[in-house]
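Below, each chain spelled out in residue letters.
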Amino acid sequence: MPRREKPKLAVFKLASCDGCQLSLLDCEDELLAVAGEVEIASFLEASRAVVKGPYDLVLVEGSITTPHDAERIHQVRRAARFLVTIGACATAGGIQALRNSKDVHEFARYVYPSPQYLETLNKSTPIVDHVFVDFELRGCPVSKRQLLEVLSAFLAGRKPVVPTYSVCVECKRRGTPCVMVARGTPCLGPVTQAGCGAICPAYERGCYGCFGPMESPNTASLARTLGDHGVDAPGLVRAFRSFNAGADPFRRESEIHEQT
Amino acid sequence: MSHAPHGPRALDAEGLAALVDALVAAGYRVLGPAVKGGAIVYDEVASGKELPRGFTEDQDAGRYRLGRRDDEAFFGFAVGPTSWKRFLHPPDLLRFRASREGHGFAVEPADGAPTSLALLGVRPCDLAAIARQDRVLLGGPYADPAYAARRTEAFVVAVQCTEPGGTCFCASMGTGPRAESGFDLALTEGPASAFVVEVGSSRGAELLGRVPNRPAAADEVAAARAATDAARGKMGRTLETAGLKEALQAAAESPRWEAVAGRCLSCANCTLACPTCFCTTVEDTTDVTGGRAERWRRWDSCFSLDFSYIHGGSVRRTPSSRYRQWLTHKLASWHDQFGEPGCVGCGRCITWCPAGIDLTEEARAVARGPVPAKAARKE
């Protein structure tokens, strides 16, 4: 069969910690296969050699927090045939969306001796608030397995298998007794999207909500349950206000308990 | 049949351990109680010495706490988070692998026949649950060879119930606390872990013949029977089933569905903990090179949006419609399909619901509650 030209892959980073794009480098066993199937045209974490766009597949990590990035993401979109955002920053604003409920300029005054040189936005926002996104891959960081699934699906021209149901489904499939029912450990699993493989409950910890809200999150009911397990209002604010603080269902629930 | 012993037999603690070892020696993968993650689960038992002793639990809606007994009982607890479908109808099952060959592809079947299973400690409600799944997965137009491969040869050691848990209601569903059939051997644990053993099959008799046992004394048999009879009155929950199917089917528009949706997390825990829920989804994946593909079958739940996704979107978009689908399937439309309820009264959906939603309470409220005029007009 004649070899088709390899699709060009580019990875871009905005406000983020690099952990999600590192998940791609972390695909040790599959990395050579990936390099065999795509031309890694721009991936600064891996190589300084950059091939110009347009690109067939663009992975974007990070959120929009500066006027510069708010411009740049439009250039990225124009260069991308298929744009996939990866991780909690790119899909929900990330941990830096904690600024959204506070005054970021006040933070800057505490941290920087000369904050007047900073150009920053009041809010940290996901990419989808700025440009059209073809697919969002959740997680803080993304799951290596799901990242490979998205790449494989793109290459095969099929829909990726990335379920949007709760983390509870993964706990039940792997046979982990529910930490909330069996131990009274507060857990965000029932309102959090699957994808991590339910790692934390397997180590007897509650879910921290790294993968953001599941498809139909009943955060109000879970907040009542967490309250029954001893989580007070400030604790509820903190529980819903972490890596996915900017995701609407979590943001709204945290605001409700801030007022009580 | 000729060498089946007549009448009930008796085993002591050593005899039980020897029974496990005899099953292992006969090549079975023995599955039985194990303490894991703060609960009594079912897991692989490598030898009779491994069986946990002296454990119990406290169960209520949304609450399970492992505890210690003041004796050394082997089966001093009700059912835990695991059900036997985990082994008979596994949560993740590879159906086949395929690899690209030239312009076509070659299919490799999934791994061959699984090791024969021995299920140790099957409660009467769970025996009934296995029978419900048998009806769906062993026969009829949708028989599942993967289920048959595990189920047909499975050796079943039942344990009659003498101490039901806080969310149990098998007596209401007519599935317990005593099983009369569906097992190879059935044990009733008496004081000081002396077991009365009922023999349900010739292979049960044959296996029992390989371990030290004796005829059960008449008073032991009477005490075992009295203990299971007494268990009937110790159920943590009850459900009136007379007229329930009709009442639920007439209450499609009950306001209670919306009320319960305010609590329901749509997390799917109830369906995955339920020993009769059998729904699965199929996932097809390819590798990065596109040279290999796999088809997996995984447990699914009617609480997910994807479950009812057809062209144009999901049919059951609201949590109330999903809860209604689940509850009415268990307690009403299962009758229409299979002539019996899909619920066996094990109480798992009540205990393992993080929000503590009680199926018996909801069913009662829906069946009893005010039915709006427009529902009454239906046909």
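Since the structure is predicted, the reported quantities are computational estimates derived from the model, not experimental observations.

### Some points on the sheet that holds strand β6 (residues 92-101) of chain B
Residue and element names in this part refer to chain B.
Logical step 1: Reading across the sheet, the four strands line up as β7-β6-β14-β13 and stay open at both edges, with antiparallel pairing between neighbours. With one partner strand each, in any of the chains shown, β7 (104-109) and β13 (280-286) form the two edges of the open sheet. Ignoring which end each strand starts from, the neighbouring axes of this sheet average 20° apart.

### Some points on the nonpolar core
Logical step 1: Residues A:F240, B:F75, B:L187, B:Y323, B:W326, B:L331 and B:L359 are the most contacted members of the largest nonpolar core, which totals 88 residues.
Logical step 2: If one sorts the elements of this core by residue count, helix α1 (residues 13-25) of chain B sits on top with six residues.
Logical step 3: Ignoring anything within four residues of it in the chain, the contact list for B:L331 reads B:M173, B:L239, B:L244, B:K245, B:L248, B:C343, B:L359 and B:A363.
Logical step 4: Listed in part, the 32 residues of the second largest apolar core include B:F87, B:V136, B:Y147 and B:F183.

### Section: a nonpolar patch on the surface
Logical step 1: On the surface, a nonpolar cluster with roughly 460 Å² of combined accessible area is contributed by A:Y110, A:V111, A:Y112 and A:L118.
Logical step 2: Positionally, A:Y112 belongs in the loop between α5 (104-111) and β5 (135-137).

### Quick look at the interface of chain B and chain A
Logical step 1: Taken together, the contacts link 44 residues of chain B with 37 residues of chain A.
Logical step 2: Taking both partners together, chain B and chain A bury about 3,200 Å²; carbon and sulfur atoms supply 56% of that area.
Logical step 3: The interface formed by chain B and chain A contains zero salt bridges.
Logical step 4: If you look at where chain B meets chain A, you find 18 residue pairs in polar contact (both at pLDDT 80 or more).
Logical step 5: Looking at the side of chain B that touches chain A, the elements with two or more residues in it are β3 (39-44), β5 (63-68), α10 (269-273), β13 and β14 (292-299) of chain B.
Logical step 6: The element best represented in the side of chain B that touches chain A is β13(B), accounting for four residues.
Logical step 7: Considering only residue class, the side of chain B that touches chain A consists of 20 nonpolar, 12 polar and 12 charged.

### With respect to the pairing of strand β2 (residues 29-36) of chain B
Residues and elements named next belong to chain B.
Logical step 1: Bridging between β2 and strand β8 (residues 117-122) involves three bridges; their strand directions are parallel. Bridging across to β8, V30 finds its partner in A118.
Logical step 2: In this sheet, β3 lies alongside β2 in antiparallel orientation, the contact comprising six bridges. If you follow P33 over to β3, its bridge partner there is Y42.
Logical step 3: Linking two consecutive strands that pair antiparallel, namely β2 and β3, is a turn of two residues; a positive phi of about 60° is found at G37 within it.

### Quick look at the packing of aromatic side chains
To describe a pair of aromatic rings, you give the distance between the ring centres and the angle between the ring planes.
Logical step 1: For the structure on display, the rule yields 17 aromatic pairs over all chains.
Logical step 2: Aromatic side chains A:F82 and A:F154 sit 5.3 Å apart centroid to centroid with 40° between the ring planes, which places their arrangement in the tilted category. Here A:F82 is found in strand β4 (residues 80-86), whereas its partner A:F154 is found in helix α6 (residues 144-156), with 72 residues between them in sequence.
Logical step 3: Arranged with centres 6.0 Å apart and planes meeting at 65°, the rings of B:Y323 and B:W326 form a pair that is edge-to-face.

### Focus: the sheet that holds β2(B)
Residue and element names in this part refer to chain B.
Logical step 1: Strand order in the open sheet formed by eight strands is β3-β2-β8-β9-β10-β11-β1-β12, and the pairing between neighbours is mixed. With partners counted over all chains shown, the strands left at the sheet margins are β3 and β12 (214-215), one partner each.
Logical step 2: In the packing of helix α7 (residues 218-231) onto the sheet, the strands contacted are β1 (9-11), β10 (185-189), β11 (195-199) and β12, and the crossing angle to β11 comes to about 90°.

### Some remarks on the pattern of salt bridges
Residues and elements named next belong to chain B.
Logical step 1: Considering all chains together, one arrives at 36 salt bridges over all chains under this definition.
Logical step 2: Taking the shortest distance from any N to any O, the salt bridge between R348 and D126 comes out at 2.8 Å. In this pair, R348 sits in helix α12 (residues 348-351) while D126 sits in helix α3 (residues 124-137), placing the two residues 222 residues apart along the sequence.
Logical step 3: Its relative accessible area of 0% is what places R348 among the buried residues.
Logical step 4: A network of salt bridges, in which partner residues are shared, links R178, E180, E198 and R225.

### Details of the domain arrangement of chain B
All names here are of chain B.
Logical step 1: What the domain assignment lists for chain B is domain 1 (9-234) and domain 2 (244-376).
Logical step 2: Spacing between the C-alpha centres of domain 1 and domain 2 amounts to 26 Å.
Logical step 3: Facing the 45 residues of domain 1 at the interface are 37 residues of domain 2.
Logical step 4: Taking both sides of the interface into account, the surface hidden between domain 1 and domain 2 amounts to around 3,600 Å²; carbon and sulfur atoms contribute 56%.
Logical step 5: Area buried by domain 1 at its contact with domain 2 is led by K85, R132 and F169, which between them contribute 18% of it.
Logical step 6: For the interface between domain 1 and domain 2, the tally reads seven salt bridges.
Logical step 7: E108 is the partner of R292 in a salt bridge, and the nearest nitrogen-oxygen pair spans 3.7 Å.
Logical step 8: At the boundary of domain 1 with domain 2, the tally comes to 34 residue pairs in polar contact (both at pLDDT 80 or more).
Logical step 9: Sorting the residues of the side of domain 1 that touches domain 2 by element identifies β3, β4 (55-60), β5, α2 (85-88), β6, α3 and α5 (170-173) as the ones contributing at least two each.
Logical step 10: Per-class residue counts for the side of domain 1 that touches domain 2 are 22 nonpolar, 10 polar and 13 charged.

Conventions we followed
- Residues numbered from 1 in each chain as written.
- Chains lettered and ligands numbered in written order.
- Predicted model: local features only at pLDDT ≥ 70, side-chain atom pairs only at ≥ 80, totals over all residues.
- Heavy atoms only, no water.
- Pairing = 2+ DSSP bridges.
- Helix = DSSP H or I, 4+ residues; strand = E, 2+ residues; numbered from the N terminus.
- Axes fitted to C-alpha atoms, helices over the stretch in contact; angles between N-to-C directions.
- Core = buried A, V, L, I, M, F, W, Y, C linked by side-chain atoms within 4.5 Å.
- Buried < 20%, exposed > 50% of the residue type's maximum accessible area, 1.4 Å probe, protein only.
- Contact = heavy atoms within 4.5 Å.
- Patch = residues over 30% accessible without salt bridge, like charges linked within 9 Å, V, L, I, M, F, W, Y side chains within 5 Å.
- Areas by Shrake-Rupley, 256 points an atom, 1.4 Å probe, with all protein chains shown as cover.
- Salt bridge = Lys/Arg side-chain N within 4 Å of Asp/Glu carboxyl O.
- Buried area = accessible area lost by both parts, 1.4 Å probe.
- Polar contact = N/O pair within 3.5 Å; in protein donor to acceptor, adjacent residues only side chain to side chain.
- Nonpolar A, V, L, I, M, F, W, Y, C, P; charged D, E, K, R; others polar.
- Phe/Tyr/Trp six-rings, centres within 6.5 Å; stacked < 30°, edge-to-face > 60°.
- Domains from an automatic or database assignment.

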